[in-house]
Amino acid sequence: MTVALETPSTGAHTTVSGLLSDTYRQLTQVCPALTVSVADPVSGFTRKSLSGAELTKDQNALEAFLSAEDSRIRERYDHVPRRDVAASRALHDYAWSVGLLMSGVWYLTGRVPRVRPEDVRIVLSSGTFEITPGPDLACLPQDAAGALPGVLTVPHEEALRAELRVAVADHMEPLLTAIAPYVRRGPRALWGLVTDDLVSGIWYLGRMLGREPDSVRAATALLPSAVAPFPGGADFRHLTGGDGRQHPTRTRMGCCLYYTIRPAEACATCPRTCDAERLRRIES
């Protein structure tokens, strides 16, 4: 992996959570689409919200989460979604946001945090997320963060990428099990959606930093092919524009069902969006 920014020093931080607080704030500053606030590890959450853990254990909490997404779709798009569409959109937003909280830290700093479901909360009224930085982090041996209590050092870059894949999979697996009856899709399609959101989060961060080619390489190194439970790799390809420039694209494996809300505006990486339309959007 090529680190996108200079890795921040541990500075005066004496805990992993303190170090991660700064990194999460840096991440949200460069990613305007990542609607996450960082909660004080001491005071915790103050706003009415549901934790990721509650979504996996309490059916009423999960249904409130999905109902809130249904209401936002109705309000934002003047469209009444099918139940599975609201569930798919809610899952997509969660997987993209929480995945980027882990992959974004990895991309910016070369460190991998473990985000537990209880560390994440969703504010139902707005759909925004809150994160309480946890105590678990993995890094390479030469990283100064390795001196902090509880940090796991791994021997090389591929081991660090494996830590990221496991961290994302461990977080998402309980939610996929809980939400599957609402989404009405099987495990491969659900993990395909998680794969897409993991890759697209890194890709988006690279674009925001003006480092798109670097982020494409990083996402490809993370998922060069299928690595269980992720059913496929990043699988980027390039389109040639009218000026001869090469533009990266990929095709999603798991659908977020946005096309059912706005049929003429399917996602740029949707199988329904042809290459000519992808280029038109890129070059317009």
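Residues numbered from 1 in each chain as written. Predicted model: local features only at pLDDT ≥ 70, side-chain atom pairs only at ≥ 80, totals over all residues. Heavy atoms only, no water.

Here the focus is helix α6 (residues 187-208). With 22 residues, α6 should reach 32 Å at 1.5 Å per residue; the first-to-last C-alpha distance of 31 Å fits that figure. α6 sits mainly inside the fold: 17 of its 22 residues count as buried. Downstream of α6 by a residue or two, Gly-210 has a phi angle that is positive, lying close to 70°. (Helix = DSSP H or I, 4+ residues; strand = E, 2+ residues; numbered from the N terminus. Expected span 1.5 Å × (residues − 1). Buried < 20%, exposed > 50% of the residue type's maximum accessible area, 1.4 Å probe, protein only.)

On inspection of all chains with the given rule, the structure shows 20 salt bridges. With its nearest N and O atoms 3.4 Å apart, the salt bridge here joins Arg-121 to Glu-54. Of the two residues, Arg-121 is situated in strand β4 (residues 120-123) and Glu-54 in helix α2 (residues 52-57); the sequence distance between them amounts to 67 residues. Overall, Arg-121 belongs to the buried group, its relative accessible area being 18%. (Salt bridge = Lys/Arg side-chain N within 4 Å of Asp/Glu carboxyl O.)

Roughly 1100 Å³ of volume is contained in the largest pocket. If you go around the largest pocket, you meet 34 residues; those closest to its centre are His-92, Trp-96, Arg-207, Cys-267 and Ala-268. Counting residues per element, the ones that place at least two in the lining of the largest pocket are α3 (59-77), α4 (83-109), α6, β9 (246-249) and α8 (275-283). Among the residues making up the lining of the largest pocket, the classes are represented as 13 nonpolar, eight polar and 13 charged. (1 Å grid on protein atoms, 1.4 Å probe; cavity = no way out; pocket = protein on both sides within 12 Å on 5 of 7 lines; lining within 4 Å. Points joined across faces, edges and corners; volume = space filled by probe spheres on them. Nonpolar A, V, L, I, M, F, W, Y, C, P; charged D, E, K, R; others polar.)

If you walk across this open sheet you meet the three strands as β3-β6-β7, and the pairing is mixed. Either end of the sheet is taken by a strand with one partner, and the two such strands are β3 (112-113) and β7 (151-153). Here β3 pairs with strand β6 (residues 137-139) via two bridges, running antiparallel. Its bridge partner lying in β6, Val-112 is registered against Ala-138. Against the sheet, helix α1 (residues 16-30) engages β3, β6 and β7, with an angle of about 80° to β6. (Pairing = 2+ DSSP bridges. Contact = heavy atoms within 4.5 Å. Axes fitted to C-alpha atoms, helices over the stretch in contact; angles between N-to-C directions.)

The next subject is the nonpolar core. Ranked by size, the top nonpolar core spans 74 residues in total, and within it Leu-62, Leu-91, Tyr-94, Trp-106 and Met-172 carry the most contacts. Per-element accounting of this core gives the leading share, 14 residues, to α4. Excluding its chain neighbours within four sequence positions, the residues that come into contact with Met-172 are Leu-91, Tyr-94, Ala-95, Trp-191 and Val-194. Counting residues in hydrophobic clusters, the runner-up holds eight residues, among them Ile-73, Tyr-77, Ala-86 and Tyr-258. (Core = buried A, V, L, I, M, F, W, Y, C linked by side-chain atoms within 4.5 Å.)

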